[in-house]
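Architecture and fold: a report
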Amino acid sequence: MMKGQDWIIDEVKKSGLRGRGGAGFPSGLKWSFMPKVSDGRPSYLVINADEGEPGTCKDREIMRHDPHKLVEGCLISGFAMRAKAAYIYIRGEFYDEAQNLQRAINEAYAAGYIGPNACGTGYSFDVYIHLGAGAYICGEETALIESLEGKPGKPRLKPPFPANIGAWGCPTTVTNVETVAVAPTILRRGSDWFAGFGRKNNTGTKLFCISGHVNNPCTVEEEMSIPLKELIDRHCGGVIGGWDNLLGIVPGGSSVPVLPQKTCDTVLMDFDALRDVKSGLGTAAVIVMNKQTDIIAAIARFSKFYKHESCGQCTPCREGTPWMWSMMERFVEGNAKIDEIDMIEELSYQIEGHTICALGDAAAWPVQGLIRHFRPEMEARINQYKEKKALRN
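Residues numbered from 1 in each chain as written. Predicted model: local features only at pLDDT ≥ 70, side-chain atom pairs only at ≥ 80, totals over all residues. Heavy atoms only, no water.

Focus on helix α13 (residues 315-333)
Taking 1.5 Å of rise per residue, 19 residues should cover 27 Å, and α13 covers 28 Å from first to last C-alpha, within 8% of that figure. Those residues of α13 hidden inside the fold are in contact with α12 (295-309), α14 (339-351) and α15 (359-392). Immediately beyond the C-terminal end of α13, within one or two residues, lies G334, with a positive phi of roughly 95°. (Helix = DSSP H or I, 4+ residues; strand = E, 2+ residues; numbered from the N terminus. Expected span 1.5 Å × (residues − 1). Contact = heavy atoms within 4.5 Å.)

Here it is in structure tokens:
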């Protein structure tokens, strides 16, 4: 802290750290958007600990097992942004994690690390916990701010951006638990150390949450740009039934498109490599599905989730997600026409990019990925249904 705010932000920029909450925006650049000279309004740091993305369990591990790392990160990043306080917005279901985090905050206050004279520097910084109510939409930064203010969690139009008008009309940066928690280690070890992991523009280490049909589901910290196959074989004991029994993998939480086995053989786990194969790193929640999975039913379940979690503010999302789920349920059964595959794909593109926040995109992408890679399975299911119906008649 004695090295100053500009030094901290420059180190984070040089490290190449990108947001770990899903969007992958350069963290140092984001932090630099906060005003350097106050216009009389206080600045705030808001930590997104909502972690509502299905398959994701990384922030929970930090708050459960190493909450002091998050508190230290709040202090350092908050100081760099000249923030008065940090508000940690944690989902209400994370009761034990919230209790652990509150104990860590109390210990930090008692030790003088945070409070009116943080670390003896004369800088005043407070940390508060705010429990949410489990709404997925509150993972979007402006919806989170609305909820923090006591309003319904519905995204705001941007601009104005939170760095100008955020929580209670004051400059605010909303950032992810993992992003903030890794900042002290970067400053302690140096930006060059962190930048030494991974590829250019995809540097550092990352928490990967691997679940589904693997022999040892786990959350593990690994180097960015590790091959997906190596990640699963090294840390999870491989796919149940062997790699040849793999059907597909969702590489970044339920909101990114599924990848087929042939792509999973060689793809790297970073932002750019997964974008190039028309998917995304997202929260790095790796959901593995072997050939015993009904892939159509799995994606239909994703559609049901997004239909349920839509806040209803934007018409394409409010009306489109129930339509998409209803059609997907018929595809699971096979009670559809081949032409309807193109219809649901067109529907997904009418939702994608036409909403205030990215929930519309998140609802559309899994369906697009299914059609892109597993259209023959959808057509076969429809033909099977027709044959069974003909036999019954």
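Points about unusual backbone geometry
With an omega dihedral of 0°, the bond running from K158 to P159 counts as a cis peptide bond. In this structure, P159 sits in the loop between α6 (141-148) and β5 (172-176). Omega for the bond connecting P159 with P160 falls within 30 degrees of zero, at 0°, which places this linkage in the cis form. Considering the arrangement of structural elements, one finds P160 in the loop between α6 and β5. Of note, C119 is a non-glycine position whose phi angle comes to about 55°, a positive value. Considering the arrangement of structural elements, one finds C119 in the loop between β3 (115-118) and β4 (123-131). The exposure class of C119 is partly exposed, given its relative accessible area of 40%. The phi torsion at W168 lies on the positive side, around 55°, for a residue other than glycine. Inspection of the secondary structure puts W168 in the loop between α6 and β5. On the basis of relative accessibility, which here comes to 41%, the residue W168 falls in the partly exposed class. (Buried < 20%, exposed > 50% of the residue type's maximum accessible area, 1.4 Å probe, protein only.)

Observations concerning the sheet that holds strand β9 (residues 218-223)
Spatially, the five strands line up as an open sheet ordered β9-β8-β12-β10-β11, and their pairing is mixed. The open sheet is flanked by β9 and β11 (259-260), the only strands paired with a single partner. As paired strands, strand β10 (residues 246-250) and β11 are joined by two bridges and run antiparallel to one another. Paired with G248 across the bridge in β11 is P260. (Pairing = 2+ DSSP bridges.)

What to know about the packing of aromatic side chains
On inspection of all chains with the given rule, the structure shows twelve aromatic pairs. The interplanar angle of 80° and the centroid separation of 5.1 Å between the aromatic rings of Y136 and F305 together place this pair among those described as edge-to-face. Within this pair, whereas Y136 is found in the loop between β4 and α6, its partner F305 is found in helix α12, the two being separated by 169 residues in sequence. The residues Y136 and F305 share a single accessibility class, namely buried. With a centroid separation of 6.2 Å and an interplanar angle of 50°, the aromatic rings of W193 and F194 are classed as tilted. Connected via pairs of aromatic rings, a cluster forms that spans Y44, Y87, Y128 and W168. Over the face of the ring belonging to F94 we find R91, whose NZ or CZ atom lies 5.5 Å from the ring centre. (Phe/Tyr/Trp six-rings, centres within 6.5 Å; stacked < 30°, edge-to-face > 60°. Lys NZ or Arg CZ within 6 Å of the ring centre and 35° of its normal.)

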